[in-house]
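Okay, here's what each chain looks like letter by letter:
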Amino acid sequence: MSDKLWGGRFTAKAAEWVDEFGASIHFDQKMAAEDIEGSLAHVKMLGKQQIITADEAQKITEGLELLQQDLLNGQLTFDVKNEDIHMNIEALLTEKIGSVAGKLHTARSRNDQVATDFHLWVKHRLPRVLDALDELQHELVQLADKYSHTVMSGYTHLQHAQPITYGHYLLAYFEMFQRDYERFEFNQKHTNILPLGAAALAGTTFPIDRAFVAEQLGFNQIYHNSLDAVSDRDFALEFLSNSSILMMHLSRMAEEMILWSTYEFNYIEISDDFSTGSSIMPQKKNADFAELVRGKTGRTFGSLMALLTTMKALPLAYNKDMQEDKEQVFDVMDTVLASIKIFTGMLNGLTVHEERMLESTTHDFSNATELADYLATKGIPFREAHAIVGQLVLQGIQQNTALQDMSLEVLQQAASVIDEDIYQVLDAKVAVDRRVSLGGTAPSNVQNEVQRALNILQER
Ligand code: ARG
């Protein structure tokens, strides 16, 4: 017989290195607190239902509470020969209270146990993601408020397109993070379901009370199909998927922060505490942290792909493949929490070069649309207006003269309907001021949207 908890029907012992391959204790020990928490609820239910005696339930409870203390004090040591956190905790419990510990596993399997631990682990941490996002959003709104009137060039294809306000740009990210927030909120719904009581796969003959266990553990739903309960990892996939989308958003902003703090752009400067220098080039100030967030997007997408691929085509119910689920989620949880926090700090200390931003809009012909719109309002069909302005831009590029620097005579040669008031229209500040259509970039819009954003944050 093997010396394993499940070793009854085994005659041979696996080599240590084989055991090690099958073990998960080196990573699933992260769920030690959740494993004990789940067991405490389970044993309470076993006692209440008289599946074990009150005295036995009492002894097991006391033992588990001792383990809880030891864990808090950093005094629990795990052994790879006990494979995973579930069997390690049971072995430690046996050391504490003797063979009565063996009654804890009545009406339970490691399959519903691991699912329960994992749900609990994610459930406990989703609020941290939401809090971190909330702080990031607060930071963005504050900045948007401060820079609601700051004019800069807006881009399409990374080419100067039309002037926008920096506040408007910042609120675009507020919107993305708001959707992220809502996705993680929804993620809670599918995490908040109790698998325990499914046993190995088919339920149990013992008169268990799953509603009681759910209440003990703070789950507001119970899996209604035992096969699904032990096989479902959607909540983990949703977490990885939501995290991937969030990291994609962060990576886009990171890219802009890196680009905009270059010598060429010089729109912003990242504070010293979120930058690094070079060991050889004394002048360097690198946006390492923004780069690292951009880089960590890769491992997040990788984790999502890894778990999707692990789950693909897995027959019901539990398969050992599923042991591969946890490391991805553990790693991504660390990654998103740290990345959001870094971003909040980076935005907090950001220096914005408003003059340089405005200057970028003055000789880039980004007011060409203004002129075309102007002609259109004077009755010229827009397509024709577009062609007229295109010609003027070409002339301007050849003569190195911006549209607003051309004389009225030159402009009127192109289109006789042009008047003195065109110079007002061609001003970048005026261009943004006039973009008051719903969702447009005008400072007055940004101010309204800041209020709306603050309301969203307040109502949480
Ligand atoms: N360590 C396993 C996991 O993480 C626990 C469940 C094992 N169940 C089993 N029947 N092998 O998935």
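Residues numbered from 1 in each chain as written. Predicted model: local features only at pLDDT ≥ 70, side-chain atom pairs only at ≥ 80, totals over all residues.

## Focus on the overall build of the chain
(1) Moving on: In terms of helices and strands, the chain carries 19 helices and six strands.
(2) Moving on: For the chain, whose C-alpha radius of gyration is 31 Å, the value lies well above the compact-globule estimate of 23 Å for 460 residues.
(3) Moving on: Across the 460 residues in the chain, those meeting the buried criterion constitute 39%. (Helix = DSSP H or I, 4+ residues; strand = E, 2+ residues; numbered from the N terminus. Rg over C-alpha atoms; globule rule 2.2 N^0.38 Å. Buried ≥ 20, exposed ≤ 12 C-beta atoms within 10 Å, placed from the backbone.)

## Re the UniProt feature "domain: Fumarate lyase N-terminal" (unreviewed entry) in the chain
(1) Moving on: Here the UniProt feature "domain: Fumarate lyase N-terminal" (unreviewed entry) sits at residues 8–302.
(2) Moving on: Helix makes up 61% of residues 8–302 and strand makes up 6%, while its end C-alpha atoms are separated by 39 Å. (UniProt positions renumbered as here; feature names shortened; annotations may be inferred.)

## Focus: the site of the ligand
(1) Moving on: In the vicinity of the ligand, the residues found are Ser 24, Asp 28, Asp 84, Arg 110, Asn 111, Val 114, Tyr 318, Lys 320, Met 322 and Gln 323.
(2) Moving on: Here the element with the most residues in the shell around the ligand is helix α6 (residues 110–146); it accounts for three residues.
(3) Moving on: Here the residues of the shell around the ligand are counted per class, giving three nonpolar, three polar and four charged.
(4) Moving on: Residue-level mapping places the shell around the ligand at the junction of two domains, with at least three residues from each of domain 1 (7–106) and domain 2 (111–198 + 227–354). (Near = placed C-beta within 6 Å. Nonpolar A, V, L, I, M, F, W, Y, C, P; charged D, E, K, R; others polar. Domains from an automatic or database assignment.)

## Remarks on the packing of helix α7 (residues 166–191) against helix α19 (residues 443–458)
(1) Moving on: Contact pair α7 / α19: the axes reach a minimum separation of 10 Å and the direction vectors enclose 25 degrees. The angle between α7 and α19 places the two elements in the roughly parallel class. Where α7 crosses over α19, the handedness of that crossing is left-handed. Here Gly 167, His 168, Leu 171, Phe 174 and Gln 178 of α7 lie close against α19, whose contacting residues are Val 446, Glu 449, Ala 453 and Ile 456. (Axes fitted to C-alpha atoms, helices over the stretch in contact; angles between N-to-C directions. Parallel < 35°, antiparallel > 145°, perpendicular 65-115°, else oblique. Left-handed = near helix turned anticlockwise from the far one by under 90°. Contact = placed C-beta atoms within 7 Å.)

## A look at the nonpolar core
(1) Moving on: Residues Leu 140, Ala 144, Leu 170, Phe 174 and Ala 236 are the most contacted members of the largest nonpolar core, which totals 98 residues.
(2) Moving on: Per-element tally for this core: the top contributor is α6, with 13 residues.
(3) Moving on: Those residues in contact with Ala 144 that sit more than four places away from it in its chain are Gly 167, Leu 170, Leu 171, Phe 174, Val 446 and Val 450.
(4) Moving on: Counting 14 residues, the second largest nonpolar core, distinct from the first, contains Ala 368, Ala 372, Tyr 374 and Ile 422. (Core = buried A, V, L, I, M, F, W, Y, C linked by C-beta atoms within 7 Å.)

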